[in-house]
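As a plain string of letters, each chain reads:
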Amino acid sequence: MGANTSQVSDLSESQSIRTLIGPDAISENEPFWNQLISFTFTSPTSMFGVFDHLSVSLIVQNNPRSGNFGALVRVFLSRTKELKISTECQDQLFIWQAHNALFLVRCLLKVFIREMNEEELHLQFSYQERADITYNILFEAVTTLLVLLSYQLFHKEVLREGLIYSYLTRGRCLSLTSRLVKTLLYNFIRQEKCPAATHVLQTQSDGGGLLYGLASGVASGLWSVFTLGGVGSRPGAEQDQNPLPLSNQSLLLLLVLANLTDGPDCPNPYRQAVTCFKNTQDSSSIPSPQPHTFQINFNSLYTALCEQQKSDQVTLLLYTLLHQNSNMRTYILSRTDMENLVLPILEILYHVEERNSHHVYMALIILLILTEDDTFNRSIHEVMLKNISWYTERVLTEISLGSLLILVVIRTIQFNMTRTRDKYLHTNCLAALANMSAQFRNLHQYAAQRIISLFALLSKKHNKVLEQATQSLRGPLGADDTTVLPDYAQDLNVIEEVIRMMLEIINSCLSNSLHHNPNLLYALLYKRELFEQFRSHPSFQDIMQNLDTVRSDSVFLLSSKHSSVYI
């Protein structure tokens, strides 16, 4: 900002403001503050326009980590100490800077009051960067609890009882359930980096401490027990060198606690706390029936979830909240910036060969949950994206979020057909497409082509398996050939089930939004010979009749518009 900033509209554009609301802490002794509060315009009586929507989001997200608002307040207070002397000496400098600092405090206060409750507002003033020793103690406390819970690693059966379990779920610990869960969530939200002076927490790549290696080993082992990956899942690269050990360990402890089994006479209180907490903006006076409810800033939690999806444990947290916490699910589905959440999920699926199996499953199930909502299915076709850098199969200069989602899910299906051949992965992918199909709108031409190309691939595979089964029937049966026919029959049944789901997806799209999907119509008519072989097949006759009707309507529609078939 500085002395060259002469009007209030320049505030949100200035680099100094971006630094102030950024994630990095700025000491009150830095010369940055002199530059920040040296603007020359007269402060307006209205505060509208000082911070844009992006700035507001960044302020709420980053200040709990940086504490820069508290530093700004302390800078203002330091200037006020010189006000009397400055007035007597006719020195305008400190008066001018104190005024500007207070103006910024006023603007930020308006943001905080609108976005958070009084308790959280108080934390914005009282925040102080944790000393190294505090960070160490917190990390050690979280890791110790993880070690205490590691008994499950050494037992094949699920542990439902035990001394440690009873201590954590009853007595004095029970009353602290919501406070512990809230603290662990805030540790995750703040994403505090390991202080430079904390040598004991250095990763092994730095030649340093065994503590972090031991803690990560225990936590990763527990993580594998409580997710679909189990033994043999390979960790991602981001798990090997983690600059946020407290945040990471807090999240792992939260997931382990939330996934403890219910006791014989009481439900898991930590799961109850995770599934019932509310937004700080929820002013409802209706008491919660759950005994361990609390409030947390949903905006900050949502931002952290969007930023950290490369970590599989964060993906599991997102799945847990969407699946079990109705308050958080409603909030997420009401967001107007869903692309911030969906794009990282799609990137996980796009790089399926580099991810753990459980990470891919969690990402896919999250999409499945999201696509159960009709509003989500409509809105994703209204969000336009440009130049998706990680999508390298084809240059997509502009595409809707909905079309990109279709492309990535189809790519996942094709990868599964050639590599893992997991029936349930197929089923979940197709279920997500089926959920969306009635709301397909203005599909990108490449997305429409890929839908038909997938059907062509399935058709080709169906013919190949059918031919192999026919040849095996004609050939001589030996002593070891008795299992061949059942295998072919099973493969054929699976392929036909998938083909039927694809036909139902296409039929649902064209039946509900024929006028909104010309690219899919063109692709369907251009490759209409693919569907001929299934018209007389008993498993597909009903759905083919519907498609024939839709196709006839589409030919009439296209001819009325004097359109030509897209090639």
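Residues numbered from 1 in each chain as written. Predicted model: local features only at pLDDT ≥ 70, side-chain atom pairs only at ≥ 80, totals over all residues. Heavy atoms only, no water.

- Looking at an unreviewed UniProt entry, the chain carries the name Dymeclin, with the source organism given as Cyprinus carpio.

**Details of the overall build of the chain**
Item 1. Within the chain, the regular secondary structure consists of 27 helices and 4 strands.
Item 2. Buried residues in the chain amount to 50% of all 567 residues.
Item 3. Residue pairs in contact within the chain that sit at least 24 positions apart in sequence constitute 74% of those at least 6 positions apart.
Item 4. Counting every atom, the chain has about 27,600 Å² of accessible surface; 54% of that belongs to carbon and sulfur. (Helix = DSSP H or I, 4+ residues; strand = E, 2+ residues; numbered from the N terminus. Buried < 20%, exposed > 50% of the residue type's maximum accessible area, 1.4 Å probe, protein only. Contact = heavy atoms within 4.5 Å. Areas by Shrake-Rupley, 256 points an atom, 1.4 Å probe, with all protein chains shown as cover.)

**Section: unusual backbone geometry**
Item 1. The phi dihedral of Gln191 is positive, around 50 degrees, even though this residue is not glycine.
Item 2. With respect to the element layout, Gln191 can be found in the loop between helix 11 (177-190) and helix 12 (210-225).
Item 3. For Gln191, a relative accessible area of 10% corresponds to the buried category.
Item 4. You will see that Asn442, though not glycine, has its phi angle at about 50 degrees, which is positive.
Item 5. Mapped onto the secondary structure, Asn442 falls in the loop between helix 23 (423-437) and helix 24 (445-474).

**Here we look at the side chain of Ser38**
Item 1. Inspection of the secondary structure puts Ser38 in the loop between helix 2 (32-36) and helix 3 (53-66).
Item 2. Judged by relative accessible area, Ser38 falls into the buried class, the value being 11%.
Item 3. Separated by 2.3 Å, the side chain of Ser38 and the backbone oxygen of Asn34 make a polar contact. (Polar contact = N/O pair within 3.5 Å; in protein donor to acceptor, adjacent residues only side chain to side chain.)

**Thoughts on the environment of Arg79**
Item 1. Secondary-structure assignment places Arg79 in helix 4 (residues 68-80).
Item 2. As a C-alpha pair, Arg79 and Leu93 span 14 residues in sequence and 9.7 Å in three-dimensional space.
Item 3. Excluding residues that lie within four positions of it along the chain, Arg79 makes contacts with Asn34, Ile37, Phe94, Gln97 and Ala98.

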